[in-house]
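Examining the three-dimensional arrangement
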Amino acid sequence: MKKSGEEVRPRKQQHQKPPDAFFLDRDGTLNVKPPPGEYVTSPAELTLLPGAAAAVRRINESERPAILVTNQRGVARGIMSEGDLAAVQRRLAELLGAEGAFLDACYSCVHDEGGCDCRKPRPGLLTRAAADFPGLALPDAVVIGDAETDVLAGRAAGTATVRLAAKAPDSAADLVAVDLWTAVDLLLKGGW
């Protein structure tokens, strides 16, 4: 099955129902991604991607959790503080809220590479969130992000995965979609 701008990757078993929970990356998924090597270090630098708030609102309306899972090693590198990160996350909540959307929880890895089990592509942020949400079964959830590290974290945790990309990249993802709205729309319809 192929639709304009989206591609469904074959999987051993087709999903007959929507995911029970949505794990969302931040930079490049919800907001404009900064150039390589740079970080969103202040609230003024955060700009939502078109359709991102509407996609999160649609998840909210489906009564499924929308959970942020984001690598933010700019903290470990001293480029920003944990206070700066908290201010950016508050701005994200404000921008989403202005469009009637919200995140149920936010999990951030602030460590440098190799220093933890939570930095994607490792599954630590996902397993921690699952522990915090009673009844959340990782095999019934999905990870959506713009990087292969998001896909690999989801795979390691046993979730379904969606890679956001304008062109279908070589990816281990179950689904490739052009943007968050397209991915959420298809996932909530089930049968993907």
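Residues numbered from 1 in each chain as written. Predicted model: local features only at pLDDT ≥ 70, side-chain atom pairs only at ≥ 80, totals over all residues. Heavy atoms only, no water.

**A word on the packing of helix α1 (residues 52-61) against helix α5 (residues 180-189)**
The interhelical angle for the contact between α1 and α5, taken along N-to-C directions, is 20 degrees, at an axis separation of 8 Å. Between α1 and α5, the crossing angle belongs to the class labelled roughly parallel. Both α1 and α5 take part in a crossing whose hand is left-handed. Note on element contacts: α5 touches α1 through Leu180, Trp181, Val184, Asp185 and Leu188, opposite Ala52, Ala54, Ala55, Val56, Arg58 and Ile59. Along the lines of polarity and charge, the residues of the contact of α1 with α5 split into nine nonpolar, no polar and two charged. (Axes fitted to C-alpha atoms, helices over the stretch in contact; angles between N-to-C directions. Helix = DSSP H or I, 4+ residues; strand = E, 2+ residues; numbered from the N terminus. Parallel < 35°, antiparallel > 145°, perpendicular 65-115°, else oblique. Left-handed = near helix turned anticlockwise from the far one by under 90°. Contact = heavy atoms within 4.5 Å. Nonpolar A, V, L, I, M, F, W, Y, C, P; charged D, E, K, R; others polar.)

**Brief notes about the confidence of the model for the protein chain**
When pLDDT is averaged across the protein chain, the result is 91; 92% of the residues are at 70 or more. In the predicted structure, residues 1-13 sits below a pLDDT of 50 and forms 28 contacts with residues beyond four places in sequence or in another chain. (pLDDT = per-residue confidence, 0-100.)

**A short note on the side chain of Arg163**
Position of Arg163 among the secondary structure elements: in strand β7 (residues 160-164). Among the polar contacts listed, one links the side chain of Arg163 to the backbone oxygen of Asp146, at a separation of 3.0 Å. (Polar contact = N/O pair within 3.5 Å; in protein donor to acceptor, adjacent residues only side chain to side chain.)

**Some points on the pattern of salt bridges**
One pass over the full model with this rule turns up 13 salt bridges. A salt bridge links Arg57 to Glu61; the shortest N-O distance between them is 4.0 Å. Of the two residues, Arg57 and Glu61 both sit in helix α1, four residues apart, roughly one turn of that helix. On the accessibility criterion, Arg57 (28% relative accessible area) is partly exposed. For the salt bridge of Arg73 with Glu113, the shortest nitrogen-to-oxygen distance reads 2.4 Å. Of this pair, Arg73 sits in the loop between β4 (66-71) and α2 (82-97) while Glu113 is found in the loop between β5 (105-109) and α3 (124-132), placing the two residues 40 residues apart along the sequence. Using a relative accessible area of 15% as the deciding quantity, one classes Arg73 as buried. Under the relative-accessibility criterion, Glu113 is labelled exposed at 53%. (Salt bridge = Lys/Arg side-chain N within 4 Å of Asp/Glu carboxyl O. Buried < 20%, exposed > 50% of the residue type's maximum accessible area, 1.4 Å probe, protein only.)

**So, α5**
In terms of residue burial, α5 counts as a mostly covered element, since seven of its 10 residues are buried. Looking only at α5, the buried set comprises Leu180, Thr182, Ala183, Val184, Leu186, Leu187 and Leu188. Downstream of α5 by a residue or two, Gly190 has a phi angle that is positive, lying close to 70 degrees.

**Overview of the nonpolar core**
Among the nonpolar cores identified, the biggest contains 33 residues, and Leu24, Ile144 and Leu180 are the most heavily contacted of them. Per-element tally for this core: the top contributor is α5, with six residues. Apart from residues no more than four positions distant in its own chain, Leu24 is found in contact with Leu30, Val56, Ile59, Ala66, Ile67, Leu68, Val69, Leu103, Ile144 and Leu180. In this structure, Val69, Cys118, Leu126 and Ala153 belong to the second largest nonpolar core, which totals 20 residues. (Core = buried A, V, L, I, M, F, W, Y, C linked by side-chain atoms within 4.5 Å.)

**Some remarks on the environment of Ala101**
Along the chain, Ala101 falls in the loop between α2 and β5. Along the chain, Ala101 and Asp140 lie 39 residues apart, while their C-alpha atoms are 22 Å from each other. Sequence-distant contacts of Ala101, that is, excluding residues within four places in its chain, are made with Ala53, Val56, Arg57, Asn60 and Leu96.

**A word on the pairing of strand β3 (residues 21-24)**
Of the two faces of β3, both are covered, the one formed by Ala21 and Phe23 as well as the one formed by Phe22 and Leu24. As defined by bridge partners, β3 adjoins strand β6 (residues 141-145) across four bridges and the pair is classed as parallel. Across the sheet, the residue bridging to Leu24 is Ile144, located in β6. In terms of strand pairing, β3 meets β4 through three bridges, oriented parallel. The partner of Phe23 across the bridge, within β4, is Ile67. In terms of handedness, the path from β3 via α1 over to β4 forms a crossover that is right-handed. (Pairing = 2+ DSSP bridges. Right-handed = clockwise from strand over helix to strand, strands pointing away.)

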